[in-house]
Every structure is written in structure tokens, then in C-alpha cells.
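# Examining the three-dimensional arrangement
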Amino acid sequence: MKNAKRRLALGLALMLCIGSLAGCGKNAGEAGNTSKGETKNEDAKSGSAADEKVSEVDTSEEVKLIYYLWGGEGVANQDILAEINKKLKADINATIEVKYIDWGDIGTKYPLLFASGEEFDMSHASPNAVMPYGTIATQGAAVDITDMLDTYAPTLKAEIPESVWASAKVNGRIYGVPTLYSEFTPSGFVTRRDLAQKYGVAEVNSIETMEAYLDAALAAGDMVPMNGTSAMAMDLYRLLIDTTGSWISEAPGISTSEMFLAASSAENYADVFHPAFTDEFEAFAVKMREWADKGYWTKDVLSSQQSAKDNFLNGLSASYITHMADWSGTYGSINDKLGVETDFWCFAEGNGKIKRKMGVENTTVISTTSKHPERALMAIEKFMTDESYYRLIQYGIEGRQYEIVDGLAKQPAGYDPEKDAGGFAVWSLRNDRFNIPYATEDPRRYELNEKWNKVAIDNPYVGFIFDTSNVTTEIAAISNVNAQLGTQIMLGKTTQDPVEAVAEYRKQLEQAGINTVIEEVKSQLADFTPVGK
């Protein structure tokens, strides 16, 4: 009966999640952050004492663990997994079978994984996922590992600082293992340096200089300035919020895959509002109509199928909007396909609003349907604290998938993508201590990480779990409004004058229940204290 009730609750949450999938953004499930040099958990046992404690665990029964990951299976994944399983069999008498949820199916199959009652052991989780980490925890779909860590993962407990563990707590309990990887993912505008020099645009560092670059690209006539799909609406929405005063993006209440709520500042995190009801939003809507009418993007942008990034890589556009980690990670592809250098204007940097990613934003959870949660936790510990395991799960087999040259991970000379391509989307298992930069990454990634780590602000909402049960109907209705009129306004494609369209958008949001949702968010935030405060 208990499991049936849990699945019913998750089913209701699933209906809400699927109803808010329109425009699912590229930012979901990005990597987390922990400050370098932070004191680790001194209360946990470490070293030989930890090893001795784990050695007392009964592992006489061999078990197979099911690990669900996002993405598809590479041609060499089974070979990599075979090497991993040799080690796991020897160390904890377990093996892993990886099952995949393809990128295009995450919106539906990932929530179903937790609602269906399927038996599995581990999965990736994030507060920004379509089925958020907090929902998984509060609805009883993730194992409470708080009291398991000392016995089954003491080295892991010691490895992760208390503040990072705190980010993963829900009602004071830990339901997942947070990442130990430092990363920032603020949005920004990517330009080609060769074109900027050709256009006479010295630097793009504001909306005004962004317009100058786009105008010049338009005048040149050889490619579309920004050439993408309706997903660009959310890119432009982030441009608005990140460049407007002290506004903070991604306040709780509305999915971050659509036109979400904001707060007036990080300090006033409970002062939540929808930007649509501001003068700044109306002025931005007018500007977006101007940009659309100029031809900054194609007339069929609402129905176009090729992403802005793909068009950029194929030389079909002069720019695109993405987050810093995606831009810097595409360095090798840009060099291979275009042979040019690029630059990145970070929208939030000018106003000091770059948010530090917290560990919980990429987390590994153990399913309550698991028959072997203790062994699953032991496996997670191996992947995050033993460098030999880390290399296999993150990079593959040395000499086949990668080799290390001058401190960088590169493809070996004999690498054949038809036989050797492989890897796993295991962001939540990353650890700064073992990370090796890829040669295909822009080295500026680590320069920016170091720079921003000194000035970044903490995300005030980490640890806050919004209970949607009182506003499920309103949230679904708001999602429909955002998917239609909201997207059209951001891309300047409404049939009405932009000012009239904004008035209609506000009216529809109010009819859908936006004020009710905002009041519910504020009510729940009244009893919340941000992590570290």
C-alpha cells in the first residue's frame, strides 16, 4: 500500500512535469560546484579506518546493479563497462548494467522511471531536471542515505565537504550524492572573432554592441545573424533577466525550461515576480519585434528544426546563445568545422550575478526500488574517490578512448570512432581532484572558473523544495500560455503589436493563475533559510 501511494503521488508529479515540457532548455542538469580549498568533513572516518569499516560489510552475495543514465550507448561502452565491472567484482562483488534514456526521451521517460515502480538502483538527478531532485526525495522515490554513509561510504562522506552535503539535504536528510566538480554555467552570446574583426566590432559586452555585431552580420548578407529554432526564445529571455539590474533568474514556482519567475535580487530572494509585469519586459518585447523585423533570425523560426548551435557550427549563422560550459566544451568542434576563434559575452557578469553551482545540481540517487542500496552506495564511493574507477567512467580505457599528453586528455593516434567511441553522461560523479581537461575544451573555461569562483554569488534557492500540490492546475495552465504567446513575444512573432501582445500575455497569465502561484511560492519561502545562511 505504501509503494502504491508513493507511485500515485509520483504519478501526479509526473503529469505536472510532462505538462511543463515546452521549450526544455539546454541548462537542465548541468554540473555542480564546490569551492576549492574548502574543509572536508572532519567527522567522518577516513584512510585505513574507513577501509577497515567497509571491509566489515557483508559482500558475499554477488549482485548486479542497474544504473540509468541519460544519452545513448557508444559503440565501445560495453568494453569500458567490462573493465569497470572487473574492478567492481573484485572490490565489492558487484557488477553494473547501464540502461539509457535517450536525450529526446528524457522529458517523458525520466519521470516515468520513478513513477512506474520499476526496479533499478541508481540514476542521475538534479533540482533542474523535469522530475526535480526534491520531488524524487519528498515523494519517497530516493533512498535516504544519511545513516548509511558511515558504514557503506565513509571515504565518500569524508571527501565531500559539509556545505556540499548540506545542499543535498531535504528536510534535514540526504537523499543523493552531490557532485564535487567546479563549474559555472551562465548564459552568454557567442561570436566569431574573424567576423567581429571584419565587421569592425572591437568587443561584444552589452546589448548595444551585440546589436552592432548582428547589424553588421545582416549587412554582410552571407549568413543569418542568429539562426535557430523556437528554443531561442528562452535564450533571449535569459538575456533579458541576466542584464536587468539585480534580477535573479530561476526563482522557484515555474519550470526553468519555460519563462520562469525571477526575484528582485539574491538578497531579496523571497521577492518573487514574473518579469512579464514589468516595464523592462515590455521594452524588451518591443526590441525583439525590431530584431525580428530586421531579420536577425529567419521568418520561420517558430517551425525551424535545426538548432542555433548546429547552424553556427555549419557556418550558417554568425552567432548563438548558450551557457559557458557548452561554449568552452565546443572548442574542438568549432576548430574542426570552422577553423576560427570565438568569444563569449556572459550576460550576468556585468551586474555581478554569476551564480555558483552547488553540488546538488548534479546528484546520484539510489532508487527505493533497489534491492541492494548499500552496494549501490559503495559503487558510487568507488567512482568518486578512487582515481582508477574515475578514469574509466569519465574518460574510458586509457590508450583506446584517451591518452594524456601535456596534462590534457586527447584521442590516441589510432582512435577509430567506428570502434572506439564511447563514454557515459555521469556529470554527478565528477570530482575536481581527478579531473583532466580535454584538449578539445577551450582553456578559457578554467580561467573563467577560477575568476568567477572569487566573485560568484550562491544560488539562494539551493535546498528549497517547492511543493506544487496546491497549484498544479495553475502551473499547467501557465505552461500553455508560455509555450504559445510567451515564445512568440520573445521572438517578435506575435500577430499583434508587441505592446498589445504583452498586455494580452499578462491577461492570460493572470487567468491561468500566475498570482496564485507567486503567492504560494512566497508563502513557502517565508520558512526557508538558504544554505550557508
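The sections below set out a description of the structure shown in this document. This is a predicted model, so every value here is computed, not measured.

So, about the overall build of the protein chain. When helices and strands are counted, the protein chain shows 22 helices and 18 strands. Relative to its 533 residues, the protein chain shows a buried fraction of 56%. Contacts spanning at least 24 positions in sequence make up 79% of the contacts within the protein chain whose residues lie at least 6 apart. For the protein chain, the accessible area works out to roughly 21900 Å², and carbon and sulfur atoms hold 46% of it.

What follows is about the packing of aromatic side chains. Applying the stated criterion across every chain yields a total of 25 aromatic pairs. Taken together, a centroid distance of 5.2 Å and an interplanar angle of 70° make the contact between Trp247 and Phe273 edge-to-face. You can see Trp247 sitting in the loop between helix H11 (232–242) and strand S9 (248–251) and its partner Phe273 sitting in strand S11 (residues 272–273), a full 26 residues away along the chain. Phe273 carries the same exposure label as Trp247, and that label is buried. Three or more aromatic residues joined by ring pairs form one cluster here, namely Tyr68, Trp70, Trp103, Tyr110, Phe114, Phe120 and Trp427. Stacked on the ring of Tyr181, the Lys or Arg Arg430 has its end atom at 3.9 Å from the ring centre.

On to the sheet that holds strand S7 (residues 187–192). Taken in spatial order, the 4 strands of this open sheet run S8-S12-S7-S13, and their pairing is mixed. The open sheet has two edge strands, strand S8 (224–226) and strand S13 (342–346), and neither has a second partner. Each strand of the sheet is rotated relative to its neighbour by a mean of 20°, with strand direction disregarded. Pairing geometry for S7 and strand S12 (residues 317–323), over 5 bridges, is antiparallel.

What follows concerns the packing of helix H20 (residues 472–490) against helix H22 (residues 514–525). Relative orientation of the contacting elements H20 and H22 amounts to 125°, with a least axis distance of 9 Å. Relative to H22, the element H20 lies oblique. Seen along the crossing, H20 lies across H22 with a hand that is left-handed. In this structure, H20 uses Glu474, Ile475 and Ile478 to contact H22, whose residues at the interface are Ile514, Thr516 and Val517. Of the residues in the contact of H20 with H22, the class split is 4 nonpolar, 1 polar and 1 charged.

Strand order across the open sheet formed by 3 strands is S9-S10-S11, with antiparallel pairing between neighbours. Two strands close off the open sheet at either side, each with one partner strand: S9 and S11. In the sheet, strand S10 (residues 261–263) pairs with S11 via 2 bridges, with the strands oriented antiparallel. What sits directly across from Ala262, in S11, is Phe273.

Moving on, we come to unusual backbone geometry. At Asn93, a residue that is not glycine, the phi angle is positive and equals roughly 55°. With respect to the helices, strands and loops of the structure, Asn93 is situated in the loop between helix H3 (77–92) and strand S2 (94–101). Positioned with a positive phi, Asn171 is a non-glycine residue whose angle comes to about 55°. Structurally, the position occupied by Asn171 is in the loop between strand S4 (169–170) and strand S5 (173–174).

Inside soluble globular proteins, nonpolar side chains tend to come together where they are buried. If you look at the biggest cluster of nonpolar residues, it comprises 89 residues, and the most contacted ones within it are Phe189, Met210, Leu236, Phe281, Trp291 and Trp297. It is H11 that contributes the most residues to this core, 8 residues altogether. Discounting chain neighbours no more than four positions away, the residues touching Phe281 are Tyr237, Leu240, Met259, Pro275, Ala276, Ile489, Met490, Val502 and Tyr505.

So, about the environment of Glu282. Among the secondary structure elements, Glu282 is positioned in helix H12 (residues 279–294). Sequence spacing of Glu282 and Val502 is 220 residues, and the spatial spacing of their C-alpha atoms is 6.4 Å.

What counts as what
Position labels on residues start from 1 in each chain and follow its written sequence. Where local features are concerned, this predicted model is filtered to residues with pLDDT of at least 70; where side-chain atom pairs are given and counted, the filter is 80 or more; whole-chain, interface and lining totals use all residues. Side-chain metrics in this entry use all non-hydrogen atoms of the structure; hydrogen atoms and water are not considered. Helix and strand labels come from DSSP, where a helix needs a run of H or I of at least four residues and a strand needs a run of E of at least two; each type is numbered from the N terminus. Only protein chains enter the accessibility calculation, which uses a 1.4 Å probe. A residue is then buried if its area is under 20% of the maximum for its type, exposed if over 50%, and partly exposed in between. Whether two residues are in contact is decided by their heavy atoms, any of which lying within 4.5 Å being enough. All accessible-area figures derive from a Shrake-Rupley calculation using a 1.4 Å probe, and residue coverage is judged against the displayed protein chains alone. Each Phe, Tyr or Trp ring (for Trp, its six-membered ring) is paired with any other whose centre lies within 6.5 Å, and the angle between the two planes then decides the class: stacked below 30 degrees, edge-to-face above 60, tilted in between. The rule is short: NZ of Lys or CZ of Arg within 6 Å of the ring centre and within 35 degrees of the ring normal puts a charge over the ring. The criterion for strand pairing is that DSSP finds at least two bridges linking the strands in question. In this analysis, axes come from line fits to C-alpha atoms, helices being fitted only over the stretch in contact, and the angle between any two N-to-C directions falls in the range 0 to 180 degrees. Angles are sorted into four bins: roughly parallel if under 35 degrees, roughly antiparallel if over 145, roughly perpendicular if 65 to 115, and oblique for all others. Helix crossings get a hand from a simple test, with the near helix turned counterclockwise from the far one by less than a right angle marking a left-handed crossing and a clockwise turn marking a right-handed one. For this classification, the nonpolar set comprises Ala, Val, Leu, Ile, Met, Phe, Trp, Tyr, Cys and Pro, the charged set comprises Asp, Glu, Lys and Arg, and every other residue, Gly included, is treated as polar. Definition used in this section: a nonpolar core is a set of buried Ala, Val, Leu, Ile, Met, Phe, Trp, Tyr and Cys residues joined via side-chain atoms within 4.5 Å.

Limitation: the analysis is restricted to geometry and does not speak to function.
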